[in-house]
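Secondary and tertiary structure notes
Chain residues, written in single-letter form:
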Amino acid sequence: MKAFLANPLIVKEMRERFRKKITYWILGLYLFVMGAILLGFMYVNQLNSIMIPGENRELFILIAVIQYAMICFIAPALSAGTISGERERQTLHVLLTTQLSPGRIIWSKLLTSLAYIFLMVISSLPLYSFVFLYGGISPQQLFTLVLFFAVNIVFFGALGLFCSTWIKRTGVSTITAYGLAFFFVVGTGLVCLFTADLLQELYPQQYPPGDVYQEPALQMLAALNPVNVMFQLLGEELVPAGESFLPPWLIFTLCYLGFTGILVGWSTYLLHPVRRLPWHWTK
Amino acid sequence: MIQTVHLTKQYGKLEALHDLNLHIEKGKVFGFIGPNGAGKSTTMLILATLLAPTDGKAYVAGYDVVKEPKQVRQALGYMPDFFGVYDNLKTAEYLDFYAAAYNIPPAKRKSIIVDLLELVNLSDKADAYVDSLSRGMKQRLGLARCLVHSPDVLILDEPASGLDPRARIEMREILKQLRGMGKTILISSHILPELAELCDEIGVIEKGRLIACGAVEEVSAGTRGISVMQVKVLQSHDAARTVLQASPYVRRLDDKGSHFRFQFTGTEVDKAVLLQQLIGAGIPVVHFGESKENLEDVFLAITEGVGS
Ligand SMILES: Nc1ncnc2c1ncn2[C@@H]1O[C@H](COP(=O)(O)OP(=O)(O)O)[C@@H](O)[C@H]1O
Ligand SMILES: [Mg+2]
């Protein structure tokens, strides 16, 4: 904690962020929307059916999906303005002439933009207690789900940060970050489904229906799609799960943490002023 | 303290700097003069380790800017021509952030910040938010910012641009104080009189080439044998102008109403002849001499014909 507070950039970013009123409004709005949706559905559900405690997983799935959508929506946006924002405010040059190394700047920026969204997720955890009332999930499931969210947050944060370092303007950087995030969330799934269909069309005798997903390459692809992995964590199956050497969520976690490492390293490289100045790429 | 050797920078095909050789000694104030786009900021960016030179070497405090950027940054305070501030911070917090960014321990920061705010006359603004400061105050805060780690070398890119006359004078007084502290300062400007009384030496840069360099008087004497003259007459203003215009050595005659300024390309003898001509024409001359203060004339004289 002491080392954390000794990092000047983190202190500065926290001061800046938590002095803005909008920060609290967004947090409040987020919790309000999540709570309203959850309570609304609970109310509607008990109107036309009798709730059987212990057998109602839909609520859990619903709240997880909403939360995941929020993460996809907020995490890239929060970090897509960090470096380009400094550049636009014309404070980046000065920052780079201090003793803060580009690596440290990147890490601090990532940490501070993620701190806020972690705050959002953690402050929404009490909402899950409603879900527990109805059961259908185990604490272990919730734990893996939170871990899964954490990996996603870190990855999308690094993605936004990378765009922010690479692209000069915050606006363009945010759009690019959303585009890339869309590819990872939806695109990987489409690629997986398309490949499966293609294989089945080309070699029908080799792959009887449904069997194609036993192919290790396709399993890898499926494990890279966050939506698929999340539904597996929630106990649903979008594509049939094969027997792989690791559970899909673990493959997902390892791969995405690896991607995160690459993005952070690349951002650090791009931020080095003398090896390559940020404006070079625009020409 | 600052040295560049055959420094060259190309942006694509555009040559922003060509074979620049500068040498600035410890404790000297060096004025870097040139029109917009001459390459001043480019030179300063390279010295501040923010831009890679295409060719050549640059040293600050004995360290190579490309190979030893960390040491260079520790020895250097750099103020860009345009810079922003963090709006949501208070003045003291703003300086505290940069002090921490230079790894100064928290115990020392407080006294440093108090001293710096005192130096730039912002002591009463320590608790004000940065975005409530005026342009001149922000500029002074920026100057304080580049002093937090007490660097020996200061590189200031047009520190007075965009300031009103009063703010300009305040800035100049602070710079004089810094000179008194023995800092080596490289300061640029496209407005010349600003630098005249502040600098020990000036370098004139145009289209990426250093075309004159040395003490202020030296540069004005120039290798081209041009001097700037001032002539004041009591009456017969028009007749005086006719005589001056007729002289083959007079260039860029500037009629200021009360007196004339012009560049004189002839020898001392030619000067005497010109004075005799004026007197011979019955014009009451009250002043006839070289003018030293105005760097603008020097600059125009030196940059005449460069690059064309
Ligand atoms: N990032 C850049 N890309 C391309 N050309 C540039 C860039 N920065 C400066 N230049 C060009 O280099 C020249 C020198 O610019 P600069 O050093 O900013 O001049 P000064 O500070 O003396 O006004 C100008 O012609 C300018 O257009
Ligand atoms: Mg400039």
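Our subject in this report is the structure included herewith. (Residues numbered from 1 in each chain as written. Chains lettered and ligands numbered in written order. Predicted model: local features only at pLDDT ≥ 70, side-chain atom pairs only at ≥ 80, totals over all residues. Heavy atoms only, no water.)

All names here are of chain B. Put simply, helix H3 (residues 91–101) and helix H5 (residues 135–145) touch, their axes get as near as 10 Å, and they point 30° apart. On the basis of the axis angle, H3 is roughly parallel to H5. Here H3 and H5 pass one another in a crossing that is right-handed. Every residue of H5 that contacts H3 at Thr91, Tyr94, Leu95 and Tyr98 is listed here: Leu141, Ala144 and Arg145. In terms of residue class, the contact of H3 with H5 is built from five nonpolar, one polar and one charged. (Axes fitted to C-alpha atoms, helices over the stretch in contact; angles between N-to-C directions. Helix = DSSP H or I, 4+ residues; strand = E, 2+ residues; numbered from the N terminus. Parallel < 35°, antiparallel > 145°, perpendicular 65-115°, else oblique. Left-handed = near helix turned anticlockwise from the far one by under 90°. Contact = heavy atoms within 4.5 Å. Nonpolar A, V, L, I, M, F, W, Y, C, P; charged D, E, K, R; others polar.)

With 31 residues of chain B in contact, the opposing surface of chain A contributes 25 residues. Carbon and sulfur atoms make up 59% of the area that chain B and chain A hide from each other, which totals about 2,700 Å². Looking only at chain B, the three residues that lose the most surface to chain A are Leu50, Tyr86 and Asn88 of chain B, adding up to 24% of its buried area. On the surface where chain B and chain A come into contact, there are two salt bridges. Its salt-bridge partner being Arg19 of chain A, residue Glu93 of chain B comes within 2.8 Å of it at the nearest N-O pair. The interface formed by chain B and chain A holds ten residue pairs in polar contact (both at pLDDT 80 or more) in total. Mapped onto the side of chain B that touches chain A, the elements with two or more residues apiece are helix H2 (69–75) and H3 of chain B. Take the side of chain B that touches chain A: its biggest share by element is five residues, from H3 of chain B. Of the residues contributing to the side of chain B that touches chain A, the split by class is 20 nonpolar, six polar and five charged. (Buried area = accessible area lost by both parts, 1.4 Å probe. Salt bridge = Lys/Arg side-chain N within 4 Å of Asp/Glu carboxyl O. Polar contact = N/O pair within 3.5 Å; in protein donor to acceptor, adjacent residues only side chain to side chain.)

We now examine empty space enclosed by the protein. All names here are of chain B. With the rule as written, the count across this model stands at five cavities of 30 Å³ or more. Roughly 70 Å³ of volume is contained in the second largest cavity. Lining the second largest cavity, in full, are Pro159, Ala160, Arg168, Met171, Arg172, Leu175, Ile187, Glu194, Leu195 and Leu198. Taken together, the elements giving at least two residues each to the lining of the second largest cavity come down to helix H6 (165–180) and helix H7 (193–196). With four residues, H6 is the single largest residue contributor to the lining of the second largest cavity. Across the lining of the second largest cavity, the residue classes break down as seven nonpolar, no polar and three charged. (1 Å grid on protein atoms, 1.4 Å probe; cavity = no way out; pocket = protein on both sides within 12 Å on 5 of 7 lines; lining within 4 Å. Points joined across faces, edges and corners; volume = space filled by probe spheres on them.)

This part takes up the layout of surface pockets. Residue and element names in this part refer to chain A. Size it by volume and the largest pocket reaches roughly 480 Å³. Around the largest pocket, the lining comprises 19 residues; the ones closest to its centre are Glu13, Arg17, Lys20, Leu78 and Gly81. Secondary structure elements with two or more residues in the lining of the largest pocket: helix H2 (8–19), helix H3 (21–48), helix H4 (58–79), helix H5 (82–88) and helix H7 (102–123). For the lining of the largest pocket, a count of residues per class yields six nonpolar, six polar and seven charged.

As a matter of local geometry, ligand 1 sits amid twelve residues, with Gly37, Gly39, Lys40, Ser41 and Thr42 of chain B nearest to it. The local environment of ligand 1 is shared, drawing residues from chains A and B. In this structure, Gly37 of chain B approaches ligand 1 through a main-chain N or O atom, which is 2.6 Å from an oxygen atom. Backbone polar atom of Gly39 of chain B to an oxygen atom of ligand 1: 3.0 Å apart, as the coordinates give it. Protein chains bury 67% of the 570 Å² of accessible surface belonging to ligand 1 in isolation. Sorting the residues of the shell around ligand 1 by element identifies strand S2 (14–24) and helix H1 (40–47) of chain B as the ones contributing at least two each. Ranked by the residues each element gives to the shell around ligand 1, the list is headed by H1 of chain B, at three residues. (Near = heavy atom within 4 Å. Areas by Shrake-Rupley, 256 points an atom, 1.4 Å probe, with all protein chains shown as cover.)

In an α-helix, one turn spans 3.6 residues; hence positions three or four apart end up facing the same way. Of all the residues in helix H11 (residues 216–224) of chain A, the buried ones are Leu218, Gln219, Ala222, Ala223 and Leu224 of chain A. Those residues of H11 of chain A that are buried are in contact with helix H10 (170–202), helix H12 (226–233) and helix H13 (248–271) of chain A. (Buried < 20%, exposed > 50% of the residue type's maximum accessible area, 1.4 Å probe, protein only.)

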